[in-house]
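So you can see what is in the structure, the chains are spelled out below.
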Amino acid sequence: MTTLQTYVYYMHFSGDTSTIKFFVGATWILDTVHVVFMCHMLYYYLITNYGVPTSLEHDVWSFPVRIAIFPPGTDLECSLLLGVPSR
């Protein structure tokens, strides 16, 4: 969804300042990285280790990396968007 929104933005608002374009691109990159980490965790626990309850005793590598990049209780993407002035 974010990829489509980013594409539509760049096609229809090409006259915006480079700062706003940067924030839109950064938001897209951060969202994509977040989705990749979440998909990896889900695949590891629900597909690769299906029916193996002992796999829940340790974290897969993508979980601590995700927490380090996107701390719980903060919404990094919204923080970026707050820096973008409204039209």
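In this text, all values refer to a predicted model and were calculated from it rather than measured experimentally.

Cut-offs applied
- Residues numbered from 1 in each chain as written.
- Predicted model: local features only at pLDDT ≥ 70, side-chain atom pairs only at ≥ 80, totals over all residues.
- Heavy atoms only, no water.
- Helix = DSSP H or I, 4+ residues; strand = E, 2+ residues; numbered from the N terminus.
- Buried < 20%, exposed > 50% of the residue type's maximum accessible area, 1.4 Å probe, protein only.
- Contact = heavy atoms within 4.5 Å.
- Expected span 1.5 Å × (residues − 1).
- Phe/Tyr/Trp six-rings, centres within 6.5 Å; stacked < 30°, edge-to-face > 60°.
- Polar contact = N/O pair within 3.5 Å; in protein donor to acceptor, adjacent residues only side chain to side chain.
- Axes fitted to C-alpha atoms, helices over the stretch in contact; angles between N-to-C directions.
- Parallel < 35°, antiparallel > 145°, perpendicular 65-115°, else oblique.
- Left-handed = near helix turned anticlockwise from the far one by under 90°.
- Nonpolar A, V, L, I, M, F, W, Y, C, P; charged D, E, K, R; others polar.

K.L.:
Quick question: what am I supposed to make of the overall build of the chain here?
P.N.:
When you go through the chain residue by residue, the secondary structure sums to four helices and zero strands. Counting from the amino terminus, helix and strand elements in the chain follow one another as α-α-α-α. Relative to its 87 residues, the chain shows a buried fraction of 24%. Across the chain, the fraction of contacts at a sequence separation of at least 24, relative to all contacts at a separation of at least 6, is 52%.

K.L.:
I keep staring at helix 2 (residues 18–48) and nothing clicks. Help me out?
P.N.:
Because each turn of an α-helix spans 3.6 residues, side chains separated by three or four positions end up pointing in the same direction. Helix length check: helix 2, at 31 residues, gives a terminal C-alpha distance of 43 Å against a target of 45 Å (1.5 Å per residue), a fit within 8%. Those residues of helix 2 not exposed but buried are Ile20, Phe23, Val24, Gly25, Ala26, Thr27, Leu30, Asp31, Phe37 and Met41.

K.L.:
Hey, could you run me through the packing of aromatic side chains in this one?
P.N.:
Each aromatic ring pair is described using two quantities: the centre-to-centre distance and the angle formed by the ring planes. Following the criterion strictly, the structure yields five aromatic pairs and no others. Through pairs of rings, three or more aromatic residues link up here, namely Tyr9, Tyr10 and Phe13.

K.L.:
Would you mind showing me how to read the side chain of Ser55 here?
P.N.:
Within the secondary structure, Ser55 sits in the loop between helix 2 and helix 3 (62–69). In this structure Ser55 comes out as buried when scored by relative accessible area, which is 5%. Within polar-contact distance, the side chain of Ser55 engages the backbone oxygen of Val52 at 2.8 Å. If we skip the residues at most four places from it in the chain, Ser55 touches Tyr45 and Asn49.

K.L.:
Looking at this structure, how should I read the side chain of Thr6?
P.N.:
Examined against the element boundaries, Thr6 turns out to sit in helix 1 (residues 2–12). Judged by relative accessible area, which is 11%, Thr6 ranks as buried. In contact with Thr6, other than residues within four places in its own chain, are Val24 and Trp28.

K.L.:
It is not clear to me how the packing of helix 2 against helix 3 should be interpreted in this structure. Could you clarify?
P.N.:
A packed helix pair is summarised by two numbers, namely the angle formed by the two axes and the spacing between the axes. The contact between helix 2 and helix 3 brings their axes to 9 Å, and the two run at 155°. The angle between helix 2 and helix 3 falls in the class roughly antiparallel. Note that helix 2 runs across helix 3; the crossing there is left-handed. Taking contact as the criterion, the partners of His34, Phe37, Met38, His40 and Met41 in helix 2 are, on helix 3, Ser62, Phe63, Val65, Arg66 and Ile69. Each residue belonging to the contact of helix 2 with helix 3 can be placed in one class, and the counts come to six nonpolar, three polar and one charged.

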